[in-house]
Every structure is written in structure tokens, then in C-alpha cells.
Amino acid sequence: SRSLVITSGEKSFELAQGEKVTLPCTFEISDEDQGSLDIEWVLIPADNQKDEQIIIMYDVDRIYDHYYPALNGRIQFTKSDPRSGDGSLDILNLKAADTGTYQCRVKKAPGVQSQKIKLTVLVKPARTKCSIEGSQEIGKDITLKCTSQEGSALLSYDWRRVSGTQGLPATSMLNKNAGELVLKNASKDYSGTYHCVASNRVGTDECSVELNVTPPINTAGIIAGAIIGTLLGLSVLAFLVFCCCKKHREKKYEKEVHHDIREDVPPPKSRSSTARSYIGSNRSSLGSMSPSNMEGYTKTPYSQVPSEDFESRPGQNPTFAPSKVAAPNLSRMGAVPVMIPAQSKDGSIV
């Protein structure tokens, strides 16, 4: 077993995601090693309770690389013929999940040797964003924040000012692990462009933010304006509601008056029937008058008494029979119709 020796010396690697790594496994054999050459690469899990996984193997002049699906298409022996004494392994397009402990085992009877190599795949900082927290007013405390959406642990953040005096304000406080830059009691001179660099052992990423420190806002005026605007809005709304209610009441009243029919009030009499009734009553009263009580009446010719208009149908003859003549409106004229007495043959008054 002492005849076969692994000569590669590196025991650990630290690379970035997406890169390529070559895990070395070179060896030397002696004349005593007469058996067939067998080279295995296995992945040792972090949990000791789990079994080792073969990822690639060379046996009897053949290569087998289908044992570990997560590395299919990304692994290969560095030399196409490992019998030359080089059983190194190439892993392409590294991923964070490839982090682990790999072991190279070389067998050539009676010699057997192995070597462990630790691989750490780190993710570079990426998608780093800068932001401002707090009011950008004079006298306020302002916090600049820097955060990477991607990146392996042990990230470090560094802030610097790239405009103006090129240096951080005297009152600033930097936390490199959290990526925060606190500016105490900010002044107008603090305005400018600030740059953040996020970094770890395999890469960096950057972002910038523009800070503009302004005088305090007149909050009292804003509040007063908001209150006045609210009151005006409520007044307009109340006026509109009042107008709508008033218009609704007027429409409702007109509708009730228009459709109100009183059943206890008889229909009005026509002018012709009223006139005939009046004339008939006067005739009956005059028929009982004697020559003595007729002297107090003023004799007014019928031709001078105004008459009411007669209701007639269209196309009818305007000439009416004597019995259809309407009585004059005596109440309006202030005159009383008088019948002229006539003397019969026997001397009586008719």
C-alpha cells in the first residue's frame, strides 16, 4: 500500500458561482502495483448519517459519470486518459449547491490512496439597491441603506460620497455589516451623491443614491389649508343636498295638488244655468210687485244692460231663442232688471 502515492497538495478551494474549478488528484505508482487502475470521486455529505455519493469513476479503461444527477454535464476528468497519473476532476459552471467535501480515491492493487478536498462556492453580491429612510429636511436624522439581494455570507458594505467635498459628513455613522449610513442633524451641505460598494471574498456590486436636504415644510399651513378645503367641500355638499331636497319637495307638492280631487265639493255650475236661475227668480219676484212698489226702481232700458257672453259650440248659429238668453250679471253692473207694467182691457195691471 505504500507504493502508490498521491502527490497533489491543495486541500481547499473557494470560488465564485459560475466559475470553473479543477480539483487536483495526481498520483505515482511503482512496479509493485500490478492491478487494474481504479479512480473514484465521491461527495462526502455534511451529515455523517448519510452515505457517500459517487459522482464519477474510471474503471478498466472506461469512464462512468452518470451517478450524481446534480452534476450531470458539468463534470469531467481533466485528462482523457487518467492512466498518465492525473485523475484530477473539473467541475464547470459552479453553483452554490456544489459546496462540500470531495474525496479522490486511487486504487491499483495492492496500492490504495485517497485525498479530501473542501470546495466552497460563493455567490457574488448582486442586485444591490440603495435607499433613503427619513425626512430629507434640515435638522433631521437621515439613514442611507444599502442591501444586496444576492450574495454569500460575510458581505461588507462601504459608503462614500462622490460629489461635493468627496468625504462623509462629520456627524455620519457607518455600519459596514448592516450597510447603513446614519447622518445626524443633517444640513444643506450634506446634499449630494452617495455611493455604496457591497463586497465579499469573490466579488463586488455597487449602487448610488442622490440626497437633497431641504428646509422644513410649513406643516401648519398645510394643515390649515386641508381643514379649509374640507370645510368648503362639506359646505358645497350640504348646499347640493339642500337644493335636491327642496326640488324634491316642490315636485311632490305639485303632484299632490295636481291629482287632489275632493269628492265632497260639487262641480261648479255653468254660466247659462246660473243665468237662467237668476232670471227665473227675478221674474217671480217682479210678478208679485204692484204699481206702488215699482216706483223706487230705476227704469233702465234693456238695451243698456250688458249681457254675458254665451257659450256656443263651433259652427252653431249665434242667434238664440229668447228662452235661451242668459241673464245679465247684475252683481257686477249694480243694476236691477225691471219689468214694464202693461194694462189689460179690463184695466188691471199685468
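Residues numbered from 1 in each chain as written. Predicted model: local features only at pLDDT ≥ 70, side-chain atom pairs only at ≥ 80, totals over all residues. Heavy atoms only, no water.

### Structural notes on the overall build of the chain
Check the secondary structure of the chain and you find 3 helices and 18 strands. Classification of the 350 residues of the chain by burial places 29% in the buried group. Surface exposure of the chain reaches about 23500 Å², of which carbon and sulfur atoms provide 53%. (Helix = DSSP H or I, 4+ residues; strand = E, 2+ residues; numbered from the N terminus. Buried < 20%, exposed > 50% of the residue type's maximum accessible area, 1.4 Å probe, protein only. Areas by Shrake-Rupley, 256 points an atom, 1.4 Å probe, with all protein chains shown as cover.)

### Regarding the pattern of salt bridges
Inspection of every chain in the model, using the stated rule, returns 9 salt bridges. One salt bridge connects lysine 145 with glutamate 133, and the closest N-O pair in it is separated by 3.9 Å. Remark: glutamate 133 occurs in strand 12 (residues 126-133) and lysine 145 occurs in strand 13 (residues 142-150); sequence separation between them is 12 residues. Among the ionic pairs, aspartate 141 bridges to lysine 184, the shortest N-O distance being 3.7 Å. Placement of aspartate 141 in the loop between strand 12 and strand 13 and of lysine 184 in the loop between strand 16 (180-183) and strand 17 (192-200) is noted, with a sequence separation of 43 residues between them. Here the salt bridges do not stand alone but share partners, grouping Asp61, Asp81 and Arg83 into one network. (Salt bridge = Lys/Arg side-chain N within 4 Å of Asp/Glu carboxyl O.)

### Digging into the sheet that holds strand 7 (residues 62-64)
The sheet built from 6 strands is open, its strands ordered 2-11-10-5-6-7 with mixed pairing. What marks the edges here is a single partner per strand, and that holds for strand 2 (12-16) and strand 7. Strand-to-strand twist of the sheet, defined as the mean angle between neighbouring strand axes without regard to direction, takes the value 20°. (Pairing = 2+ DSSP bridges. Axes fitted to C-alpha atoms, helices over the stretch in contact; angles between N-to-C directions.)

### Looking at the state of the cysteines
Taken as a whole and judged by the stated rule, the model has 3 disulfides. At a sulfur-sulfur separation of 1.9 Å, the disulfide partner of cysteine 25 is cysteine 104. Taking the sign of the S-S torsion, about -65° here, the bridge from cysteine 25 to cysteine 104 comes out left-handed. One end of the pair, cysteine 25, is in the loop between strand 3 (21-23) and strand 4 (27-28); the other, cysteine 104, is in strand 10 (residues 100-108), and 79 residues separate them in sequence. (Disulfide = S-S within 2.5 Å.)

### Some remarks on the side chain of serine 148
Within the fold, serine 148 resides in strand 13. Aside from chain neighbours lying at most four places away, what touches serine 148 is Pro125, Ala126, Arg127, Thr128, Leu155, Tyr157 and Ala198. (Contact = heavy atoms within 4.5 Å.)

### A few points about a nonpolar patch on the surface
On the surface, Ile223, Ile227, Leu231, Leu234, Leu237 and Val241 cluster together to form a nonpolar patch covering roughly 570 Å² of accessible area. Relative to the helices and strands, isoleucine 227 resides in helix 1 (residues 219-258). (Patch = residues over 30% accessible without salt bridge, like charges linked within 9 Å, V, L, I, M, F, W, Y side chains within 5 Å.)

### Thoughts on the pairing of strand 16
By the bridge criterion, 4 bridges tie strand 13 to strand 16 in an arrangement that is antiparallel. When the bridges of strand 16 are listed, threonine 143 appears paired with valine 182. Two strands pair when backbone bridges link them, and strand 15 (residues 172-175) and strand 16 are joined in this way by 4 bridges, in the antiparallel orientation. Its bridge partner being in strand 16, asparagine 175 is matched across the sheet by glutamate 180. Adjacent in sequence and paired antiparallel, strand 15 and strand 16 are bridged by 4 residues, among which glycine 179 carries a positive phi angle near 75°.

### Quick look at the sheet that holds strand 8 (residues 75-77)
Read from one edge to the other, the open sheet built from 3 strands follows the order 3-9-8, with strand pairing classed as antiparallel. Lying at the two open borders of the sheet, with one neighbouring strand each, are strand 3 and strand 8. Recorded for the sheet is a direction-independent mean angle of 25° between the axes of neighbouring strands. Where strand 3 meets strand 9 (residues 89-91), 3 bridges bridge the pair, whose relative direction is antiparallel. Along strand 9, the bridge assignment pairs valine 21 with isoleucine 91.

### Section: the side chain of threonine 128
Inspection of the secondary structure assignment puts threonine 128 in strand 12. A distance of 2.7 Å separates a polar atom in the side chain of threonine 128 from a polar atom in the side chain of serine 148. One polar contact links threonine 128 to aspartate 205, side chain to side chain, over a distance of 2.8 Å. Look past the residues within four positions of threonine 128 in its chain and what remains in contact with it is Cys146, Thr147, Ser148, Ala198, Asp205, Glu206 and Cys207. (Polar contact = N/O pair within 3.5 Å; in protein donor to acceptor, adjacent residues only side chain to side chain.)

### What to know about the pairing of strand 6 (residues 53-59)
Looking at chain direction, strand 5 (residues 37-44) and strand 6 are connected through 6 bridges and run antiparallel. Bridging across to strand 6, isoleucine 39 finds its partner in tyrosine 58. Both strand 6 and strand 7 contribute to a ladder of 3 bridges, which runs antiparallel. Paired with aspartate 59 across the strands is arginine 62, a residue of strand 7. Hairpin remark: strand 6 followed by strand 7, antiparallel, with 2 residues in the connecting loop; positive phi at valine 60, about 50°.

### A look at the environment of aspartate 33
With respect to the helices and strands, aspartate 33 occurs in the loop between strand 4 and strand 5. By relative accessible area, which is 4% here, aspartate 33 ends up buried. Placed 77 residues apart in sequence, aspartate 33 and proline 110 show a C-alpha to C-alpha distance of 5.8 Å. Among residues more than four places away in sequence, those in contact with aspartate 33 are Ser3, Leu4, Lys108, Ala109, Pro110 and Gly111.

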